[in-house]
Amino acid sequence: FMAFAIVFGLYLVRFRMKQQIGFLFIGGSLLKFLVFFLFFYPSFIEDGTISRAEFSSFFVPYFLALATETYFTASMLRNLEKENPG
């Protein structure tokens with residue numbers, strides 16, 4: 001959900017903040033990590049270890065969403081460059 005919200009937010013500001021989209025993308029990734037460490041990480045380490053199931057339950061969807069988010073952001077930037085080179 002957060003990856004979709006970040007891509008949608010970048011899409012909304014793509015013309016006004018074309019030069020800052022990369023920084024906003026990285027800020028969105030930082031926000032996702034912050035949410036993970038504040039809300040999910042404490043429950044993962046309650047017993048002192050992180051099992052493979054716990055690791056997979058968060059990081060597999062995280063990396064899939066990150067790859068999708070990166071693809072759509074790069075595609076949006078390419079289209080912006082084609083529309084308005086320079």
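Refer to the structure above for everything that follows.
Residues numbered from 1 in each chain as written. Predicted model: local features only at pLDDT ≥ 70, side-chain atom pairs only at ≥ 80, totals over all residues. Heavy atoms only, no water.

A. Quick look at the packing of helix 1 (residues 2-12) against helix 3 (residues 52-83). Orientation of helix 1 relative to helix 3, taken along the N-to-C sense of each, is 10°, at an axis distance of 9 Å. The angle between helix 1 and helix 3 falls in the class roughly parallel. Between helix 1 and helix 3, the contacting residues are A3, I6, V7, L10 and Y11 on the first element and A65, E69, F72, T73 and M76 on the second. Among the residues making up the contact of helix 1 with helix 3, the classes are represented as eight nonpolar, one polar and one charged. (Axes fitted to C-alpha atoms, helices over the stretch in contact; angles between N-to-C directions. Helix = DSSP H or I, 4+ residues; strand = E, 2+ residues; numbered from the N terminus. Parallel < 35°, antiparallel > 145°, perpendicular 65-115°, else oblique. Contact = heavy atoms within 4.5 Å. Nonpolar A, V, L, I, M, F, W, Y, C, P; charged D, E, K, R; others polar.)

B. Summary view of the packing of aromatic side chains. This structure, assessed with the given rule, holds 16 aromatic pairs. Of the aromatic side chains, those joined through ring pairs into one cluster are F33, F36, F37, F40, Y41, F55, F58, F59, Y62 and F63. Over the aromatic face of Y11 sits the side chain of R14, whose NZ or CZ is 3.8 Å from the ring centroid. (Phe/Tyr/Trp six-rings, centres within 6.5 Å; stacked < 30°, edge-to-face > 60°. Lys NZ or Arg CZ within 6 Å of the ring centre and 35° of its normal.)

C. Quick look at the packing of helix 1 against helix 2 (residues 21-44). Contact geometry of helix 1 with helix 2 gives a least axis separation of 10 Å together with a crossing angle of 160°. It follows from the interaxial angle that helix 1 and helix 2 lie roughly antiparallel. In the crossing of helix 1 with helix 2, the sense of the turn from one axis to the other is right-handed. Across the interface between the two elements, M2, A3, I6 and L10 of helix 1 pack against I21, L24, F25, G28, L31, K32 and V35 of helix 2. Class assignment for the residues of the contact of helix 1 with helix 2 results in nine nonpolar, one polar and one charged. (Left-handed = near helix turned anticlockwise from the far one by under 90°.)

D. Local environment of the environment of V13. Relative to the elements of secondary structure, V13 occurs in the loop between helix 1 and helix 2. Here the alpha-carbon distance between V13 and L24, two residues 11 residues apart in the chain, equals 10.0 Å. The residues contacting V13, other than those within four sequence positions of it, are K18 and L24.

E. Expanded view of helix 3. Given a rise of 1.5 Å per residue, 32 residues ought to cover 46 Å, and the 45 Å separating the end C-alpha atoms of helix 3 matches this to within 8%. Regarding helix 3, the residues found buried are F58, F59, Y62, E69, T73, S75, M76 and L80. Looking at the buried side of helix 3, the elements it contacts are helix 1 and helix 2. (Expected span 1.5 Å × (residues − 1). Buried < 20%, exposed > 50% of the residue type's maximum accessible area, 1.4 Å probe, protein only.)

F. View of a nonpolar patch on the surface. A cluster of nonpolar residues, F33, F37, Y41, I45, I50 and F55, forms a patch on the protein surface that exposes about 520 Å² of accessible area. Here I45 is to be found in the loop between helix 2 and helix 3. (Patch = residues over 30% accessible without salt bridge, like charges linked within 9 Å, V, L, I, M, F, W, Y side chains within 5 Å. Areas by Shrake-Rupley, 256 points an atom, 1.4 Å probe, with all protein chains shown as cover. Salt bridge = Lys/Arg side-chain N within 4 Å of Asp/Glu carboxyl O.)

G. Focus on the layout of surface pockets. Estimated volume of the largest pocket: approximately 230 Å³. In this structure, the largest pocket is lined by F1, M2, A3, F4, K32, V35, F36, F40, F58, P61, Y62 and A65. Every element with two or more residues in the lining of the largest pocket is listed here: helix 1, helix 2 and helix 3. Across the lining of the largest pocket, the residue classes break down as 11 nonpolar, no polar and one charged. (1 Å grid on protein atoms, 1.4 Å probe; cavity = no way out; pocket = protein on both sides within 12 Å on 5 of 7 lines; lining within 4 Å. Points joined across faces, edges and corners; volume = space filled by probe spheres on them.)

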